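The lines below spell out each chain.
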Amino acid sequence: MERWEYKVVSIIGGGEATNRRLNEYGQEGWELVSVSTSWFYFKRPLAG
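Below is a summary of the structure that appears in this document.

Criteria and thresholds
Residues numbered from 1 in each chain as written. Predicted model: local features only at pLDDT ≥ 70, side-chain atom pairs only at ≥ 80, totals over all residues. Heavy atoms only, no water. Helix = DSSP H or I, 4+ residues; strand = E, 2+ residues; numbered from the N terminus. Buried < 20%, exposed > 50% of the residue type's maximum accessible area, 1.4 Å probe, protein only. Contact = heavy atoms within 4.5 Å. Areas by Shrake-Rupley, 256 points an atom, 1.4 Å probe, with all protein chains shown as cover. Pairing = 2+ DSSP bridges. Axes fitted to C-alpha atoms, helices over the stretch in contact; angles between N-to-C directions.

1. Considerations on the overall build of the protein chain
At step 1: When helices and strands are tallied, the protein chain shows one helix and three strands.
At step 2: Going from the N terminus to the C terminus, the protein chain shows its helices and strands as β-α-β-β.
At step 3: Counting across all 48 residues of the protein chain, residues that qualify as buried make up 15%.
At step 4: Restricting to contacts in the protein chain with at least 6 residues of sequence separation, those with at least 24 account for 53%.
At step 5: Here the protein chain displays about 3800 Å² of accessible surface, and carbon together with sulfur accounts for 50% of that area.

2. Looking at the pairing of strand 2 (residues 31–36)
At step 1: The pairing of strand 2 with strand 3 (residues 39–45) spans five bridges and is antiparallel. Directly across from valine 35, in strand 3, lies its bridge partner phenylalanine 40.
At step 2: Connecting strand 2 to the next strand, strand 3, in antiparallel fashion are two residues, including threonine 37 with a positive phi near 50 degrees.

3. Considering the sheet that holds strand 2
At step 1: Within the open sheet, the three strands sit side by side as 1-3-2. Their pairing is antiparallel. In the strand order of this sheet, the two ends are held by strand 1 (4–10) and strand 2, each with one partner. Sheet twist, expressed as the average angle between the axes of neighbouring strands with direction ignored, equals 20 degrees.
At step 2: Contacts from helix 1 (residues 15–27) reach strand 1 and strand 3, with the element oriented near 15 degrees to strand 3.

4. What about unusual backbone geometry?
At step 1: The backbone phi angle of threonine 37 is positive, close to 50 degrees, even though this residue is not glycine.
At step 2: In this fold, threonine 37 is placed in the loop between strand 2 and strand 3.

Listed below in C-alpha cells is the structure:
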C-alpha cells in the first residue's frame, strides 16, 4: 500500500509568481491535487 505526504500552501501573487512557485513544488516531487482560491493542495509518495 502506497503512503502519501500532503501539503497545503497559500500562493498569492500574479500569474508569473504562481507559476514559479508551482514549478518549484513540482521539481521537489509534489503533485498538484486541487486548488481553491489561493490555497493549493499537493501530495507526493512517502520515501521508504
